[in-house]
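Structure at a glance
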Amino acid sequence: MTSNMTLNMITGMIKRLRYLSMELKKTAKLLPAMLAQIILLISVLAMVVFGSVKSMGWEALSVHAEIAVVVGEDSTLMTGMLLRYVENMESVSQFCDFRQTTEQEGFALLEKGEVTALVVLPEGLLEGIMNGTNPVVEIYFPKQAGLEALFFREMTEAGEGLLRVAQAQIYGAGDMARAFGLTEQLSQIEVEIDSYNLAFALDRLALYDSAKVSAFGSVNAVQFYLASGSIMFLLLAGMAMYPVVRREPPALCRQLERAGMGEIWQSFCQWLCGLLCISLFAGVLWAAVRLFVRFGPQETVEHLMTDSGYPLYMEAGLAAVILMTVTTLVYLIHSLAGSRTGGILLVFLLSVVMVYLSGGLVPAMFLPQPMRTLGAWLPSAWLIRAMCGLWAGRDAVVTGECVVVLCGYTVLCGGLVCALREGRARRRTG
């Protein structure tokens with residue numbers, strides 16, 4: 001009895017291995033056509049990337065404003081000197097160009113949109129500041145204010161705030177000096193206040209602080225879009241997997257079941273063949289990226305680090321988790337579609353939507369909050385994060401949570417595929 005059970009187990013295992021061998025041979029015959037499709041896909045994506053690289057600038061956003069200034073006819077020489085001094089300040093000259101005009105000409109330029117703002121300096125400006133009358137400086141902005149106008153408005157409002165503080169200090173010191181009989185020391189107090197305010201205003205480090213803010217987290221734009229593009233490519237490459245993972249005809253399925261190869265074993269064999277295909281596609285992608293690194297534009301390549309910095313076993317393990325998750329996800333989509341055309345369309349649609357919601361096309365911070373919340377838990381978000389670890393290395397901060405979540409998605413999608421096929425098998429036999 002024991003020997004018969006052992007013999008049956010061995011016979012069943014041989015049959016399963018033969019079926020696996022048949023699936024592998026079928027996949028090998030389909031590989032040339034699949035590779036042709038993948039090469040075509042890479043060519044299309046390469047053209048898109050080439051166009052993006054050519055149009056991508058690495059310089060910081062430059063904002064430059066053209067300002068028209070109206071100076072009163074009877075203004076003193078000191079007012080002109082004050083204007084030239086402001087023009088030559090480093091913190092101002094980098095963002096603004098001033099040109100003196102008449103009031104009529106200034107309003108005409110403002111209406112045509114040739115200047116960002118119009119500043120009208122009243123007569124006796126400097127004298128009014130010195131004697132405390134504080135004449136009003138009028139600033140006019142166009143109705144349709146652009147980025148330059150908004151930036152200049154912020155600068156003027158900041159300057160107005162500094163001036164208010166300085167005036168309050170002078171007036172407060174004068175009142176205190178007169179209240180306590182210290183009018184003789186008032187001139188020295190005002191000099192110290194002026195020195196403090198000038199030192200504060202002229203020291204750019206006191207007004208400006210540089211902080212690097214990135215919409216892509218700890219990786220740069222090239223690394224992030226390489227990672228998201230790689231995930232998009234692998235998901236879209238799943239469109240070519242349908243001949244490998246499609247369900248066998250009902251008659252053959254019944255024969256396989258009678259031979260002891262149920263739906264779970266059939267699904268595993270097809271999944272394994274699909275994993276080999278996705279791994280081959282990933283190898284083609286890796287070779288294409290290496291060629292780009294070798295022959296691509298230097299200004300782009302220098303922003304890209306393809307050495308992950310992980311030990312080889314960690315790098316291989318992370319890549320295996322990514323490939324298994326992608327394969328299982330694509331297998332589930334094809335199983336839900338049930339046909340070649342439906343599977344291709346569904347894989348394409350869901351891949352684009354998932355990558356978009358995960359911030360792979362537009363950074364997630366620019367998406368509405370409900371979309372960000374949904375996209376943060378899609379498998380594509382965790383796949384992109386893991387792929388950043390392969391391309392950008394330890395800077396991407398890939399944690400064990402990412403690997404655990406991807407393994408969970410793999411098990412979940414695999415379980416859904418088995419349940420779906422088992423349900424269809426019961427309906428067929430029923």
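Here the structure is a predicted model, which means the values were calculated and not measured.

Criteria and thresholds
- Going along each chain's sequence as written, the residues are numbered from 1 onward.
- In keeping with the model being predicted, local features are shown solely for residues with a pLDDT of at least 70 and side-chain atom pairs are shown and tallied solely at 80 or more, while totals for entire chains, interfaces and linings include all residues.
- In computing side-chain properties, one takes all heavy atoms of the structure into account and sets aside hydrogens as well as water.
- Here a helix means four or more residues in a row that DSSP labels H or I, a strand means two or more in a row labelled E, and each is numbered from the N terminus.
- Under the scheme applied here, a residue whose accessible area is under 20% of the maximum for its type counts as buried, over 50% as exposed, and between as partly exposed, the area being computed with a 1.4 Å probe on protein chains only.
- By the convention used here, residues are in contact when the closest approach between their heavy atoms is within 4.5 Å.
- Accessible areas in this description were obtained via Shrake-Rupley with a 1.4 Å probe; residue shielding takes into account the shown protein chains only.
- Every axis corresponds to a line fitted to the C-alpha atoms, with the helix fit spanning only the stretch in contact, and the corresponding angles, defined between N-to-C directions, vary from 0 to 180 degrees.
- Oblique is the label for every angle not falling under 35 degrees (roughly parallel), over 145 degrees (roughly antiparallel), or within 65 to 115 degrees (roughly perpendicular).
- Here a crossing is called left-handed whenever its near helix is offset anticlockwise from the far helix by less than a right angle, and right-handed whenever the offset is clockwise.
- Each residue gets one label: Ala, Val, Leu, Ile, Met, Phe, Trp, Tyr, Cys and Pro are nonpolar, Asp, Glu, Lys and Arg are charged, and the others, such as Gly, are polar.
- The predictor attaches a confidence to each residue, and that confidence, scored 0 to 100, is pLDDT.
- Classification of ring pairs uses Phe, Tyr and Trp, with its six-membered ring standing for Trp, and accepts pairs whose centres are within 6.5 Å; under 30 degrees between planes counts as stacked, over 60 as edge-to-face, and the remaining range as tilted.
- We count a charge as sitting over a ring when the NZ of a lysine or the CZ of an arginine lies within 6 Å of the ring centre and within 35 degrees of the ring normal.
- Under the convention used throughout, the expected extent of a helix is 1.5 Å for every residue step, that is, one less than its residue count.
- When DSSP finds two or more bridges between two strands, those strands count as paired.
- The term salt bridge refers to a pairing of a side-chain nitrogen on Lys or Arg with a carboxyl oxygen on Asp or Glu at a separation within 4 Å.
- Side-chain atoms within 4.5 Å are what join buried Ala, Val, Leu, Ile, Met, Phe, Trp, Tyr and Cys residues into a set we call a nonpolar core.

With respect to the overall build of the protein
In terms of helices and strands, the protein carries 18 helices and four strands. Expressed as a percentage of the 430 residues in the protein, the buried residues total 36%. The long-range share in the protein, meaning contacts at least 24 apart out of those at least 6 apart in sequence, stands at 75%. Total accessible area on the protein is roughly 24900 Å²; 65% of this is exposed by carbon and sulfur atoms.

Details of the packing of helix α9 (residues 221–237) against helix α15 (residues 340–357)
It is at 9 Å that the axes of α9 and α15 come closest, and there the two elements cross at 165°. As far as their axial angle goes, α15 and α9 are roughly antiparallel. For the element pair α9 and α15, the recorded crossing hand is right-handed. Here Met-232, Leu-235 and Leu-236 of α9 come into contact with α15, specifically with Val-347, Phe-348, Ser-351, Val-352, Met-354 and Val-355. Broken down by class, the residue content of the contact of α9 with α15 amounts to eight nonpolar, one polar and no charged.

Observations concerning the confidence of the model for the protein
Within the protein, residue pLDDT values average 76, and 71% of them lie at 70 or more. Note on residues 57–61: pLDDT under 50 across the span, and five contacts to partners over four residues away in sequence or across chains.

Quick look at the packing of aromatic side chains
In the structure shown here, the tally under the stated rule is four aromatic pairs. The interplanar angle of 50° and the centroid separation of 5.4 Å between the aromatic rings of Trp-377 and Trp-382 together place this pair among those described as tilted. According to the relative accessible area criterion, Trp-377 is exposed, its value standing at 52%. Given the relative accessible area of 3%, Trp-382 is considered buried. Between the NZ or CZ atom of Arg-385 and the centre of the ring of Trp-382, over which it lies, the distance is 4.3 Å.

Focus: the packing of α9 against helix α14 (residues 312–337)
Direction vectors running N to C along α9 and α14 enclose 40°, while the axes themselves pass 9 Å from each other. One finds that α9 runs oblique with respect to α14. Two packed elements cross with a definite hand, and for α9 against α14 that hand is right-handed. From α9, Ile-231, Leu-234 and Leu-235 reach across to α14, where they touch Ile-322, Leu-323, Val-326, Leu-329 and Val-330. Of the residues assigned to the contact of α9 with α14, the class counts are eight nonpolar, no polar and no charged.

A few points about helix α6 (residues 147–179)
Helix length check: α6, at 33 residues, gives a terminal C-alpha distance of 48 Å against a target of 48 Å (1.5 Å per residue), a fit within 8%. Here α6 has its buried residues at Ala-149, Phe-152, Thr-156, Ala-166, Ala-173, Gly-174 and Ala-177. Immediately downstream of α6, the backbone of Gly-181 shows phi near 70°, a positive value.

As for the sheet that holds strand β1 (residues 65–71)
Taken together, four strands build an open sheet; the order of strands is β2-β1-β3-β4 and the sheet is mixed. Two strands lie at the open edges of the sheet, namely β2 (96–100) and β4 (138–140), each paired on one side alone. Adjacent strand axes in the sheet meet at a mean angle of 25°, parallel and antiparallel pairs treated alike. Here five bridges tie β1 to β2, and the two strands are oriented parallel to one another. Pairing of Val-69 across the sheet is with Gln-100, part of β2. With respect to the sheet, helix α4 (residues 103–112) is in contact with β1, β2, β3 (117–121) and β4, its orientation differing from that of β3 by roughly 160°.

So, the pattern of salt bridges
On inspection of all chains with the given rule, the structure shows two salt bridges. Linking Arg-99 and Glu-66 is a salt bridge whose minimum nitrogen-to-oxygen distance equals 3.9 Å. Of this pair, Arg-99 sits in strand β2 while Glu-66 sits in strand β1; the two residues are 33 residues apart in sequence, bridging distant segments of the chain. What makes Arg-99 partly exposed here is its relative accessible area of 32%. Classification of Glu-66 by relative accessible area gives partly exposed; the value is 25%. Note that Arg-178 is salt-bridged to Asp-175, the shortest N-O span being 3.0 Å.

Structural notes on the nonpolar core
Membership of the largest hydrophobic core comes to 57 residues, with the highest contact counts inside it found for Phe-233, Leu-234, Leu-235, Phe-281, Ile-322, Val-326 and Met-387. When residues of this core are traced back to their parent elements, those giving at least two are α1 (2–55), α9, α10 (242–245), α12 (263–295), α14, α15, α17 (379–392) and α18 (400–429). By size, the runner-up hydrophobic cluster in this structure holds eight residues, among which are Val-69, Cys-96, Val-119 and Leu-121.

Some remarks on the side chain of Ser-230
Structurally, Ser-230 can be placed in helix α9. When its relative accessible area of 2% is taken as the criterion, Ser-230 is described as buried. The residues touching Ser-230, leaving out its near neighbours within four places in the chain, are Leu-285, Met-387 and Trp-391.

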